[in-house]
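Chain residues, written in single-letter form:
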Amino acid sequence: MKLYFSQTSPFVRKVVIAAQEKGLAGEVAFVEAADMDGLAGDNPLEKVPALVTDDGQALYDSMVICDYLDSRGSGPELIPADPAARSTVLCRHALADGIMEAGLARVMEGRRPEDKQWSDWSERQEGKITRALDRLESEAAGLGDTVDLSTIAVGAALGYVDFRLGHLNWRDGRPALAAWYEAFAKRPSMAGTVPSDPA
Ligand SMILES: N[C@@H](CCC(=O)N[C@@H](CS)C(=O)NCC(=O)O)C(=O)O
């Protein structure tokens with residue numbers, strides 16, 4: 001399998017954590033951002049992550065890739081078959097993905113020349129993140145020590161907020177979520193994938 005990869009993307013991190021938890025990391029060849037010539041050919045949206053399977057099938061986006069890994073690997077079931085559990089996991093995954101999307105939009109806005117930045121837009125993105133974090137705080141008791149698509153996505157999303165949006169101080173007023181994250185972040189799949197800017 002070939003994975004188009006960026007060390008700073010929370011969506012990529014979600015896939016890499018999933019691959020590790022499913023015991024498939026050793027089968028993944030990483031294609032770094034510097035060598036992205038083929039990406040648009042394999043993913044017309046030109047986004048990472050994209051995965052090319054050993055059969056030559058190109059898969060995107062991150063949730064589709066996680067679903068593929070779930071069907072192939074060993075380890076915990078990432079997307080439950082049980083309908084009620086499945087809806088809970090997929091909805092919580094959507095919440096975490098929304099934090100990543102809004103976070104990315106906020107970060108990209110902040111990189112525009114200062115006179116072209118739209119503060120209303122940035123505040124709107126931060127509002128989404130804040131409300132989603134509050135929802136996760138209220139649901140933190142349900143996260144437990146489960147490893148599934150939702151907890152992996154929440155872990156990757158919180159890691160991204162730490163990485164790029166530290167000024168939000170997300171732990172303030174969210175003790176249950178902070179405690180859950182502290183424990184989850186110790187998993188080797190999390191500890192080994194902490195984002196950093198390229199040197
Ligand atoms: N919904 C997509 C989002 C992927 C995404 O936004 N990736 C960003 C990096 S974090 C990207 O490749 N952006 C490049 C672009 O939009 O051109 C997924 O889950 O895979």
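These numbers come from a predicted model, not from an experiment. (Residues numbered from 1 in each chain as written. Predicted model: local features only at pLDDT ≥ 70, side-chain atom pairs only at ≥ 80, totals over all residues.)

## Looking at the overall build of the protein
We count it as follows: Numbering of helices and strands starts at the N terminus; helices are DSSP runs of H or I of at least 4 residues and strands are runs of E of at least 2. Neighbour density around each residue's C-beta defines its exposure: 20 or more other C-beta atoms within 10 Å make it buried, 12 or fewer make it exposed, and counts between make it partly exposed, where C-beta atoms are placed from the backbone.
Each helix and strand counted, the protein has 8 helices and 4 strands in total. Mapped from its N terminus to its C terminus, the protein presents α and β elements in the order β-α-β-α-β-β-α-α-α-α-α-α. With the C-alpha coordinates of the protein rotated into their principal frame, the extents come out at 45 × 40 × 30 Å. Within the span of the protein, comprising 199 residues, buried residues form 36% of the whole.

## Here's the deal with the domain arrangement of the protein
Put simply, the rule reads: Boundaries between domains were set according to an automatic or database domain assignment. Two residues qualify as a contact pair if the distance between their C-beta atoms, derived from the backbone, is within 7 Å. Gly is placed with the polar residues, together with every amino acid not listed as nonpolar (Ala, Val, Leu, Ile, Met, Phe, Trp, Tyr, Cys and Pro) or charged (Asp, Glu, Lys and Arg).
Each domain of the protein was delimited in the assignment, giving domain 1 (2–72) and domain 2 (83–191). On a C-alpha basis, the centroid separation for the pair domain 1 and domain 2 is 21 Å. The partner domain 2 presents 13 residues to the 10 residues of domain 1 that form the contact. Mapped by element, the contributors of at least two residues to the side of domain 1 that touches domain 2 are helix H1 (10–21) and helix H3 (62–72). With 8 residues, the single largest contributor to the side of domain 1 that touches domain 2 is H1. A breakdown of the residues in the side of domain 1 that touches domain 2 according to their chemical character gives 6 nonpolar, 1 polar and 3 charged.

## Thoughts on the environment of Ala18
You can see Ala18 is positioned in helix H1. Of the residues examined, Ala18 has 30 C-beta atoms within 10 Å and is grouped as buried. With 130 residues separating them in the primary sequence, Ala18 and Asp148 have C-alpha atoms 8.3 Å apart. Beyond its immediate stretch of four places on either side in the chain, Ala18 contacts Cys66, Leu69, Leu78 and Ile152.

## Let's talk about the sheet that holds strand E3 (residues 50–52)
What counts here: Strands are treated as partners if at least two bridges between them are detected by DSSP.
Ordered in space as E2-E1-E3-E4, the 4 strands form an open sheet in which the pairing is mixed. With one partner strand each, in any of the chains shown, strand E2 (29–31) and strand E4 (58–59) form the two edges of the open sheet. As judged from the 3 bridges shared by strand E1 (residues 2–4) and E2, these two strands associate in the parallel manner. When the sheet's bridge partners are listed, Leu3 is paired in E2 with Phe30.

## Focus: the nonpolar core
For clarity, the threshold we go by: The nonpolar core is taken to be a set of buried Ala, Val, Leu, Ile, Met, Phe, Trp, Tyr and Cys residues joined by way of C-beta atoms within 7 Å.
Membership of the largest hydrophobic core comes to 48 residues, with the highest contact counts inside it found for Val15, Ala18, Cys66, Ile99 and Ala157. Of all the secondary-structure elements, those providing two or more residues to this core are E1, H1, E3, H3, helix H4 (83–110), helix H5 (119–139), helix H6 (149–164) and helix H7 (175–184). Tallying contributions element by element places H6 first for this core, with 9 residues. Both domains that furnish three or more residues to this core are identified here as domain 1 (2–72) and domain 2 (83–191). For Val15, the contacting residues outside a window of four places in its chain are Leu3, Pro49, Ser62, Ile65 and Cys66.

## Re the site of the ligand
Here is the rule we go by: Defining nearness, a residue is near a molecule or strand when the C-beta atom obtained from its backbone falls within 6 Å of it.
Around the ligand sit Ser6, Ser9, Phe11, Glu46, Lys47, Val48, Pro49, Asp61, Ser62, Met63 and Leu104, and those are all the residues in its vicinity. Residues that form the shell around the ligand fall into these classes: 5 nonpolar, 3 polar and 3 charged.

## Points about unusual backbone geometry
Across the junction of Val48 and Pro49, the peptide omega takes the value 5°, indicating a cis bond. Secondary-structure assignment places Pro49 in the loop between helix H2 (39–42) and E3. One non-glycine residue with positive phi stands out, namely Asn169, at about 45°. Residue placement: Asn169 occurs in the loop between H6 and H7. Its 10 C-beta neighbours within 10 Å are what place Asn169 among the exposed residues.

## Points about H4
Just so we agree on the cut-off: To estimate the expected span of a helix, count its residues, drop one, and scale the result by 1.5 Å.
For H4, which comprises 28 residues, the first-to-last C-alpha distance of 40 Å matches the rise-based estimate of 40 Å (1.5 Å per residue) to within 8%. Buried residues of H4: Val89, Arg92, His93, Ala96, Asp97, Ile99, Met100, Ala102, Gly103 and Arg106, and no others.

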